[in-house]
Amino acid sequence: MREHGEAYTLECDLAFFGKITASFSHEINNIMSIINEYNGLLSDMVALAEQGSELDCGKVAHISRNMSRQLARGATIVKRLNKFAHSADEKVLSFDMSELLRNVSAFSQRYAGKKNLRIDEDIPQEAVVIVNNPFRTQHAVFLAFQLIADGAAANERITIALRREGDQVVVMVSTGRFEERANNPLRMDLLRSLLSTVEGQVEVIERDGGGRAFALRVANLS
Amino acid sequence: MANAKVLLVDDEVEFTDVLAARLRNRDLDVYTAKDGFEALKLAERTTFDAVVLDMRMPEMDGLETLQKLLEINADLQIILLTGHGSLPDGVQAIKMGAMDFLEKPADIEQLMERIRKAKETMTIIADQKLEDRIGDILKKRGW
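Residues numbered from 1 in each chain as written. Chains lettered and ligands numbered in written order. Predicted model: local features only at pLDDT ≥ 70, side-chain atom pairs only at ≥ 80, totals over all residues. Heavy atoms only, no water.

K.L.:
What am I meant to see in the overall build of chain A here?
P.N.:
A count of helical and extended segments in chain A gives five helices and seven strands. Going from N to C terminus, chain A has its helices and strands arranged as α-α-β-α-β-β-α-β-β-α-β-β. When its C-alpha atoms are laid out on the principal axes, chain A stretches across 75 × 40 × 35 Å. In chain A, the proportion of contacts linking residues at least 24 apart, taken out of those at least 6 apart, comes to 75%. (Helix = DSSP H or I, 4+ residues; strand = E, 2+ residues; numbered from the N terminus. Contact = heavy atoms within 4.5 Å.)

Okay, structure coming up:
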């Protein structure tokens, strides 16, 4: 394994931060575009009403409901973006691993969509609070997700699971069919480097039928 | 510009649905596709005056869809919708043969202007092709 220095890991952290915030901004822009079109449709209806057509109140109410739904969708994304941005505030924080994984799952959707992969979550509903570096943990989980997604057969499912194991938490990222040629030793080394900074480690598990799982162990430093 | 035939391609179905309604209010004949694959199928059996294509789509992105649409019909007038600050993507699209690009959310009048221009270009191309065909026939008959 090649040991990555802190400078390289920080550079990768920054690239990860940029990639994820760009992805969030794209989602927000999509929502703004939809609201923009609904607003335009309302303007069209008002213009027609001013020319003597009857204003369809049912349609106006329907558009208003849809705009509210899109605003709620936007608020959820902004909340996630805010959580993600603040995860880099401190090197060691107390955080909810369940919530963090749901966030990673959400911002991994677009990456998964490139190969029409589906993400399944096996994450406890209750909070699993640990003390560690949330930003590095997210980075490691997302990198593991990318490694699995790159090797997964098209239309496969990827599962992100979480369980407690003594003082540690174990995040399992797995798929049922993995193509061997997708192995990426450099990224694997980066994953190990990231995990070493959170006193964690990765185990690669080969499964019957060509499946693969990454078990990421992350320490609870409390 | 009555009955200009337009194809809208975006994975945000709600976006294409509402934009389609607005363009239909302006007398356009609008088709929608939720991804590049659907767009290619539609382009194989219909000639559109303009295609409005989102840059960022899962599986087959805007640039790949653009390339494949132009393989089906090199005359197609394709307008890319890009995100904020995606000037390099827009320039790349133009280099690949797109007619133009607009930032999302796009202003409807700006989009209508591009569609009008696309329709005019397609009409000129169709007229030119007809003239060429007539010229060929006349040539063959020695006129």
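K.L.:
Would you take a moment to explain the pattern of salt bridges for this structure?
P.N.:
Pairing between side chains of opposite charge can happen when the charged atoms of each approach one another. Enumeration according to the criterion identifies 28 salt bridges over all chains in this entry. Here A:Asp44 ties to B:Arg22 by a salt bridge, and the two come within 3.3 Å at their closest N and O atoms. Taken together, the residues span two chains, with A:Asp44 in helix 1 (residues 6–50) and B:Arg22 in helix 1 (residues 13–25). Both residues of the pair, A:Asp44 and B:Arg22, belong to the buried class. Ionic pairing is found between A:Glu203 and A:Arg217, a salt bridge with its closest N-O pair at 3.7 Å. Here A:Glu203, found in strand 6 (residues 201–207), pairs with A:Arg217, found in strand 7 (residues 211–219); they are 14 residues apart in sequence, far enough to count as distant. A residue is classified by how much of its surface remains accessible, and A:Arg217, at 17% relative accessible area, is buried. (Salt bridge = Lys/Arg side-chain N within 4 Å of Asp/Glu carboxyl O. Buried < 20%, exposed > 50% of the residue type's maximum accessible area, 1.4 Å probe, protein only.)

K.L.:
Mind showing me how you'd approach the packing of aromatic side chains here?
P.N.:
Between two aromatic rings, the relevant description is the distance of the centres plus the angle of the planes. Residue and element names in this part refer to chain A. A complete count under the given rule lists 15 aromatic pairs over all chains for this structure. Note on Phe17 and Phe84: the rings are 5.2 Å apart at their centroids and 25 degrees apart in plane angle, and the pair reads as stacked. On the criterion of sequence distance, the pair formed by Phe17 in helix 1 and Phe84 in helix 2 (residues 57–86) is long-range, its members being 67 residues apart. The exposure class of Phe17 is partly exposed, given its relative accessible area of 26%. Relative to Phe84, the ring of Phe24 lies with its centre 6.2 Å away and its plane at 50 degrees, an arrangement referred to as tilted. (Phe/Tyr/Trp six-rings, centres within 6.5 Å; stacked < 30°, edge-to-face > 60°.)

K.L.:
Which parts of the structure should I look at to understand the packing of helix 1 of chain A against helix 2 of chain A?
P.N.:
A pair of packed helices can be characterised by two numbers: the angle between their axes and the separation between those axes. All names here are of chain A. Following both chains from N to C, one finds helix 1 and helix 2 inclined at 165 degrees, their axes separated by 10 Å at the closest point. One finds that helix 1 runs roughly antiparallel with respect to helix 2. When the axes of helix 1 and helix 2 are compared, the crossing they make is left-handed. (Axes fitted to C-alpha atoms, helices over the stretch in contact; angles between N-to-C directions. Parallel < 35°, antiparallel > 145°, perpendicular 65-115°, else oblique. Left-handed = near helix turned anticlockwise from the far one by under 90°.)

K.L.:
How should the interface of chain A and chain B be read in this particular structure?
P.N.:
Many analyses report the size of an interface as the accessible area lost when the parts associate. With 23 residues of chain A at the contact, the number on the chain B side is 19 residues. Interface area, chain A with chain B, both sides summed: about 1900 Å², of which 48% is carbon and sulfur. It is A:Asn29, A:Glu37 and A:Arg110 in chain A that bury the most area against chain B; as a group they hold 30% of the surface buried on that side. The tally of links from chain A across to chain B stands at six salt bridges. Residue A:Arg69 pairs with B:Glu14 through a salt bridge whose shortest N-O separation is 2.8 Å. Our count for the chain A to chain B interface comes out at twelve residue pairs in polar contact (both at pLDDT 80 or more). When contributions to the side of chain A that touches chain B are tallied by element, the ones reaching two or more residues are helix 1, helix 2 and helix 3 (97–113) of chain A. If you tally residues by element for the side of chain A that touches chain B, the top one is helix 1 of chain A, at 14 residues. In terms of residue class, the side of chain A that touches chain B is built from five nonpolar, ten polar and eight charged. (Buried area = accessible area lost by both parts, 1.4 Å probe. Polar contact = N/O pair within 3.5 Å; in protein donor to acceptor, adjacent residues only side chain to side chain. Nonpolar A, V, L, I, M, F, W, Y, C, P; charged D, E, K, R; others polar.)

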